[in-house]
Amino acid sequence: MSILLVEDDQDLATGLLEALRKEGLSINHVGTAKAALHVIGTETPEIVILDLGLPDKDGLDVLRQLRRQHRDLPVLVLTARDSLGDKVAGLDSGADDYLAKPFEMAELLARLRVLGRRMGTSSSNVISVGAVNLDTTSQTVTVNGEPADLPRREYMLLKVLMENAGRVQTRDSLENKLYSWGEEVASNALEVHIHHLRKKLGSDFIATVRGVGYTVKEA
Ligand code: CA
């Protein structure tokens, strides 16, 4: 899940980046409305966490503007203004969820999980392809009913591939979903994760599409 954090409070942003990366989430950060709209227009994230009090523009204007192009992009609004009026205005402008500052990190993580689930192609919390079941609530995987032990990044990679079963995922799009900007990534990191997944799931579960990327065939 790739997240864009739009927050001008540098201390809060630093704390959030650290906490969410620790959870294995790929998160990038900008501090202005202008930068946010630029990023969303060029490499659209999967979830946006949007502060409403930005230095160059009201966050609600950012929200309205991004909604014109991205009707379904999940947006979690963060704001210190916790009055009911602002809440309603925020949701009316197209926010999917709302969190008033200060908030607990656990609460933010729970809201992100809900948004992440809503994003998936299936409404169920379990995605099944062939002998492999992936439960997005417990974040566990079973193969022929036996639990498979997947580290966080392998789980995330498998989730993207299974949610998009039948479609080819390019290397670039997979890397964008797994890693944050500026994160040191070995050039063969993706291959290494795929190699480990194949050992655990069977060698033909994930197919290589030469020169393009990877795919999981629909069951
Ligand atoms: Ca702010």
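What you see is a predicted model; the values in this text were computed from it and never measured.

(A) View of the layout of surface pockets. By volume, the largest pocket is sized at about 380 Å³. What lines the largest pocket is a set of 22 residues, and nearest its centre among them are Ser2, Thr44, Pro45, Asn176 and Lys177. Broken down by secondary-structure element, the contributors of at least two residues to the lining of the largest pocket are strand 1 (2-6) and helix 7 (171-178). Counting residues per element, the lining of the largest pocket draws most heavily on helix 7, which supplies four residues.

(B) Highlighting unusual backbone geometry. A cis geometry characterises the amide bond from Lys101 onward to Pro102, with omega recorded as -5°. Within the element layout of this structure, Pro102 appears in the loop between strand 5 (97-100) and helix 5 (105-119). With a phi close to 55°, Gln139 is a non-glycine residue in the positive phi region. Counting through the fold element by element, Gln139 comes out in the loop between strand 7 (132-135) and strand 8 (140-143). Unusually for a residue other than glycine, Asn144 sits at a positive phi of about 50°. In this fold, Asn144 is placed in the loop between strand 8 and strand 9 (146-148).

(C) Inspection of the domain arrangement of the protein chain at higher detail. Partitioning the protein chain into domains gives domain 1 (2-119) and domain 2 (126-216). Its C-alpha centre places domain 1 at a distance of 26 Å from the equivalent point of domain 2. The interface is formed by 17 residues belonging to domain 1 together with 12 residues belonging to domain 2. Taking both partners together, domain 1 and domain 2 bury about 1100 Å²; carbon and sulfur atoms supply 47% of that area. For the pair domain 1 and domain 2, the number of links is zero salt bridges. In this structure, the connection of domain 1 to domain 2 is made through four residue pairs in polar contact (both at pLDDT 80 or more).

(D) A look at the pattern of salt bridges. Applying the stated rule across the entire model yields 10 salt bridges. Note that Lys101 is salt-bridged to Asp51, the shortest N-O span being 3.1 Å. Placement of Lys101 in the loop between strand 5 and helix 5 and of Asp51 in strand 3 (residues 47-51) is noted, with a sequence separation of 50 residues between them. When its relative accessible area of 3% is taken as the criterion, Asp51 is described as buried. Across the salt bridge formed by Glu154 and Lys200, the nearest N and O atoms sit 2.8 Å from each other. Highlighted residues: Glu154 in helix 6 (residues 152-163) and Lys200 in helix 8 (residues 189-201), separated in sequence by 46 residues.

Criteria and thresholds
Residues numbered from 1 in each chain as written. Predicted model: local features only at pLDDT ≥ 70, side-chain atom pairs only at ≥ 80, totals over all residues. Heavy atoms only, no water. 1 Å grid on protein atoms, 1.4 Å probe; cavity = no way out; pocket = protein on both sides within 12 Å on 5 of 7 lines; lining within 4 Å. Points joined across faces, edges and corners; volume = space filled by probe spheres on them. Helix = DSSP H or I, 4+ residues; strand = E, 2+ residues; numbered from the N terminus. Domains from an automatic or database assignment. Contact = heavy atoms within 4.5 Å. Buried area = accessible area lost by both parts, 1.4 Å probe. Salt bridge = Lys/Arg side-chain N within 4 Å of Asp/Glu carboxyl O. Polar contact = N/O pair within 3.5 Å; in protein donor to acceptor, adjacent residues only side chain to side chain. Buried < 20%, exposed > 50% of the residue type's maximum accessible area, 1.4 Å probe, protein only.

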